Amino acid sequence: MSAAQGPCAGAITLHKNDLPDHMRFTGSIAVDTETMGLNPHRDRLCLVQISSGDGTAHLVQLIPSSLDGQGYDCPNLKRVLADPSITKIMHYARFDVRILQHALGITVSPVVCTKIAARLVRTFTDRHGLAALCRDLLGVDLSKQQQSSDWGARELKPEQLAYAASDVLYLHDLWHKLSTLLDRENRRDIAQACYDFLPTRARLDMLGYDDPDIFSHRA
Ligand code: MN
């Protein structure tokens, strides 16, 4: 079964602990993560989803390599995510970069973010969620039913895998559309400056400078 309907919904491959040695990516990849919750200090990283934009998704299920829940043995995955020649396309990259950098001890760069792009160009709406953007820009309906399911389960359910894959399968198409809008609205430069700052923003968040935000006038 597939949680996502559309021309892109394709094959899903589940890998345990790391990407296979032979696997290569070039250009750009869509990346998303599933975690036990929204607090990277507390909640472990469970799944990393990757798509090269060809309609297929590779899901890497991560099992902590130490008893305290920290440390993952996934050199191939780390190499791909830190590779400066591969652009990582994410939706709300601020969270995914933060959890990936914290859990894997890498710098995730370069990154582009479809949510930041949407905020910069779609100023006529306050709906910048992935489902809303897929519907408005691609005519694709994403199911968000499995969003808050138990990603720590040793055996993930087929509907969880389909949901997790759907979060990366449309990001290339979405980025393409938003990229055109960034040019149309002359927001390319400011978007790129935001993307360049993402690894630092993630570090600031991890250090506790997210609340109150270090850029905020408050307090
Ligand atoms: Mn997701």
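The structure we're discussing is the one just above.
Residues numbered from 1 in each chain as written. Predicted model: local features only at pLDDT ≥ 70, side-chain atom pairs only at ≥ 80, totals over all residues. Heavy atoms only, no water.

Caption draft 1: Molecular detail of the packing of aromatic side chains. A complete count under the given rule lists 3 aromatic pairs for this structure. Judged by centre distance (5.9 Å) and plane angle (35°), the ring pair of Trp151 and Tyr163 falls under tilted. Placement of the pair is Trp151 in the loop between helix 4 (130-138) and helix 5 (158-169) and Tyr163 in helix 5, with a sequence separation of 12 residues. With a relative accessible area of 2%, Trp151 lands in the buried category. Taking NZ or CZ as reference, Lys115 lies 5.4 Å from the ring centre of Tyr92, over its face. (Phe/Tyr/Trp six-rings, centres within 6.5 Å; stacked < 30°, edge-to-face > 60°. Helix = DSSP H or I, 4+ residues; strand = E, 2+ residues; numbered from the N terminus. Buried < 20%, exposed > 50% of the residue type's maximum accessible area, 1.4 Å probe, protein only. Lys NZ or Arg CZ within 6 Å of the ring centre and 35° of its normal.)

Caption draft 2: Spatial organisation of the sheet that holds strand 3 (residues 45-51). Read from one edge to the other, the open sheet built from 6 strands follows the order 1-4-3-2-5-6, with strand pairing classed as mixed. The two strands at the open ends of the sheet, each matched to only one other strand, are strand 1 (12-16) and strand 6 (111-113). Across the sheet, the mean angle from the axis of one strand to that of its neighbour is 25°, orientation sign disregarded. In this sheet, strand 4 (residues 57-61) lies alongside strand 1 in parallel orientation, the contact comprising 5 bridges. Residue Ile12 lies in a different strand from strand 4, and its bridge partner there is Ala57. (Pairing = 2+ DSSP bridges. Axes fitted to C-alpha atoms, helices over the stretch in contact; angles between N-to-C directions.)

Caption draft 3: Spotlight on a nonpolar patch on the surface. A contiguous nonpolar patch, built from Phe197, Leu207, Tyr209, Ile214 and Phe215 and spanning about 540 Å² of accessible area, is present on the exposed surface. With respect to the element layout, Ile214 can be found in the segment after helix 7 (188-206). (Patch = residues over 30% accessible without salt bridge, like charges linked within 9 Å, V, L, I, M, F, W, Y side chains within 5 Å. Areas by Shrake-Rupley, 256 points an atom, 1.4 Å probe, with all protein chains shown as cover. Salt bridge = Lys/Arg side-chain N within 4 Å of Asp/Glu carboxyl O.)

Caption draft 4: Inspection of helix 2 (residues 93-104) at higher detail. Compared with the 16 Å implied by 1.5 Å per residue over 12 residues, the 16 Å span of helix 2 between its first and last C-alpha is a close match. With 10 of its 12 residues buried, helix 2 lies for the most part within the structure. Ala93, Phe95, Asp96, Val97, Arg98, Ile99, Leu100, Gln101, Ala103 and Leu104 are the residues of helix 2 that are buried. As for helix 2, its buried residues are in contact with strand 2 (28-35), strand 3, helix 1 (75-82), strand 5 (87-90), strand 6 and helix 7. With its phi angle positive at about 65°, Gly105 sits one or two positions after the end of helix 2. (Expected span 1.5 Å × (residues − 1). Contact = heavy atoms within 4.5 Å.)

Caption draft 5: Here's a closer look at the coordination of the manganese ion. Bound to the manganese ion are the protein donor atoms Asp32 (OD), Glu34 (OE) and Asp167 (OD), situated 2.0 to 2.2 Å from the metal. When the donors of the manganese ion are listed by position in the chain, the intervening gaps give D-x1-E-x132-D. Highlighted residues: Asp32 in strand 2 and Asp167 in helix 5, separated in sequence by 135 residues. (Donors = N, O, S within 2.8 Å, 3.2 Å for Na, K, Ca; no water.)

The values reported here are purely geometric and, on their own, carry no functional implication.
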